[in-house]
Amino acid sequence: MTTIDIMLPYYGDVALMQTAVRSVLAQSDPDWRLTVVDDGREPGVPEWFAALADPRVRYQRNERNLGVTGNFNKCLDLVEADYMVMMGTDDVMLPNYVAEIRRIAGEHPGVGIIQPGVQVIDGAGQVVNTIADQAKARIYLPRFSGTVLMGGEELAASLLRGCWFYFPSLCWRSAAIKKAAFRPDLDIIQDLAIVIDLIEAGETMALSDELAFHYRRHEGSVSSAEAMAGKRFAEARRYFVGAAAQMDALGWPKAAKAARRYTASRLHAVTLFPSALKARSVPGMKNLARHAFLPAPRPGRPGRTPSESKR
């Protein structure tokens, strides 16, 4: 029986998607099944999958575009194995990924989330070390060697201080993530939200320093960074206000304090400020400055209540 369902919610670049699929086919441990759910209309894609003729690879194209969250939740509905991965269309599994995940799951039965070692690559596939990734590794990622198990307020506070995981590389206990599901009111920060909801529900995360995954980080253009600045940080600000209330309701003061400060998210806004300045974008600079420097509001929580996160 298949141990890991690898779900690939696909939209976008065909060549990068094919590279991602080939990386799954190259796994040293064959105990996996790949399901690609195509949310686009790129020509030749169904034919390419048909030519693979591999019974472990399933492909389907949505009748209509579901969007990111809709396609993620559809992928969840199709999961059958005990553990699953929501892989990025442009990311790459190293040949040992499945073997490493199975090793960790065997050592920590019932673990909710597994984070293997990750290396960041650029659009050309070259290893890079951006400022954001240096901050993740040197400031926010907990210090450990080998494999470590985390959970509860310690893990929640660490992630709310600075989100150091790489979402497409995570492996999830299927029953846990299916129960939580992805929030329809979030588009950009939903990865952190679902992990925090699972921690609230009592799930643990196993971290390994064994390199097993390449996460592709593309250089965003000035125009795209400017366009996203308002929505990205408005959503982040709203989420962290709600997360602080969520942590208060749990009696986790350290995690609530980390959510109110949302330090890493503020620093991210600061790093984008020079691009907005160079583009002479007054709205962009205002959005970034507001997120980086204004104190967080403290109204009632606008998002999911603690009981809702356990449905």
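Residues numbered from 1 in each chain as written. Predicted model: local features only at pLDDT ≥ 70, side-chain atom pairs only at ≥ 80, totals over all residues. Heavy atoms only, no water.

Student: Help me out: how do you make sense of the overall build of the protein in this one?
Tutor: Along its length, the protein carries twelve helices and nine strands. A compact globule built from 311 residues should have a C-alpha radius of gyration of about 19 Å, and the protein, at 19 Å, falls within 12% of that. Expressed as a percentage of the 311 residues in the protein, the buried residues total 49%. Within the protein, contacts between residues separated by at least 24 positions form 80% of all contacts whose residues are at least 6 apart in sequence. As displayed, the protein offers around 14100 Å² of accessible surface, 56% of which is attributable to carbon and sulfur atoms. (Helix = DSSP H or I, 4+ residues; strand = E, 2+ residues; numbered from the N terminus. Rg over C-alpha atoms; globule rule 2.2 N^0.38 Å. Buried < 20%, exposed > 50% of the residue type's maximum accessible area, 1.4 Å probe, protein only. Contact = heavy atoms within 4.5 Å. Areas by Shrake-Rupley, 256 points an atom, 1.4 Å probe, with all protein chains shown as cover.)

Student: Just to check I follow, could you spell out the environment of A201 for this structure?
Tutor: Tracing the sequence through the fold places A201 in the loop between α8 (190-200) and β9 (204-216). Of the residues examined, A201 reaches a relative accessible area of 41% and is grouped as partly exposed.

Student: How should I be thinking about the pairing of strand β1 (residues 4-10) in this particular structure?
Tutor: Walk down a regular strand and you will see the side chains alternate between the two sheet faces. Counting buried residues along β1, seven of its seven residues qualify, which places the element largely inside the surrounding structure. Burial along β1 is two-sided: the residues I4, I6, L8 and Y10 and D5, M7 and P9 are all buried. Here seven bridges tie β1 to strand β2 (residues 32-38), and the two strands are oriented parallel to one another. Note that in β2 the partner of D5 across the bridge is R33. Regarding topology, helix α1 (residues 14-25) serves as the crossover connection from β1 to the parallel β2, and that connection is right-handed. Note that β1 and strand β4 (residues 83-86) share four bridges and pair parallel. (Pairing = 2+ DSSP bridges. Right-handed = clockwise from strand over helix to strand, strands pointing away.)

Student: Would you mind going over helix α11 (residues 263-278) with me for this structure?
Tutor: The end-to-end C-alpha separation of α11 is 24 Å, in line with the 22 Å expected for 16 residues at 1.5 Å each. At L272, α11 shows its largest bend, some 30°, and a proline, P274, comes one to four positions later. All buried positions along α11 are accounted for by A264, S265, R266, A269, L272 and A276. Positioned one or two residues after α11, R280 has a phi angle of 55°, which is positive. (Expected span 1.5 Å × (residues − 1). Bend = angle between axes of the 7 residues up to and from the residue.)

Student: Looking at this structure, I do not really get the packing of aromatic side chains. What am I missing?
Tutor: Centre distance and the angle of the planes are the two values used to describe a pair of aromatic rings. This structure, assessed with the given rule, holds ten aromatic pairs. A ring pair is formed by W48 and F49, whose centres lie 5.0 Å apart and whose planes are at 85°; its orientation type is edge-to-face. Neither W48 nor F49 differs from the other in exposure class; each is buried. Centroid distance Y239 to F240: 5.5 Å. Interplanar angle 65°. Geometry classified as edge-to-face. A residue is classified by how much of its surface remains accessible, and Y239, at 3% relative accessible area, is buried. The ring of Y166 is capped by K136, whose NZ or CZ atom sits 3.9 Å from the centre of that ring. Over the ring of Y262 we find R266; its NZ or CZ atom is 4.2 Å from the centre of that ring. (Phe/Tyr/Trp six-rings, centres within 6.5 Å; stacked < 30°, edge-to-face > 60°. Lys NZ or Arg CZ within 6 Å of the ring centre and 35° of its normal.)

Student: I would appreciate a short explanation of the nonpolar core in the present structure.
Tutor: One broad rule of soluble globular proteins: the nonpolar side chains tend to lie buried together. Membership of the largest hydrophobic core comes to 49 residues, with the highest contact counts inside it found for L160, W172, V195 and Y239. Secondary-structure elements contributing two or more residues to this core are α3 (67-78), β4, α6 (152-161), α7 (174-180), α8, β9, α9 (222-250) and α10 (253-261). Ranked by residue count, the leading element in this core is α8, at seven residues. Contact partners of L160, with chain neighbours within four places excluded, come to L192, I196, Y239, F240, A243, M247, A255, A258, A259 and Y262. (Core = buried A, V, L, I, M, F, W, Y, C linked by side-chain atoms within 4.5 Å.)

Purely geometric numbers; function is a separate question.
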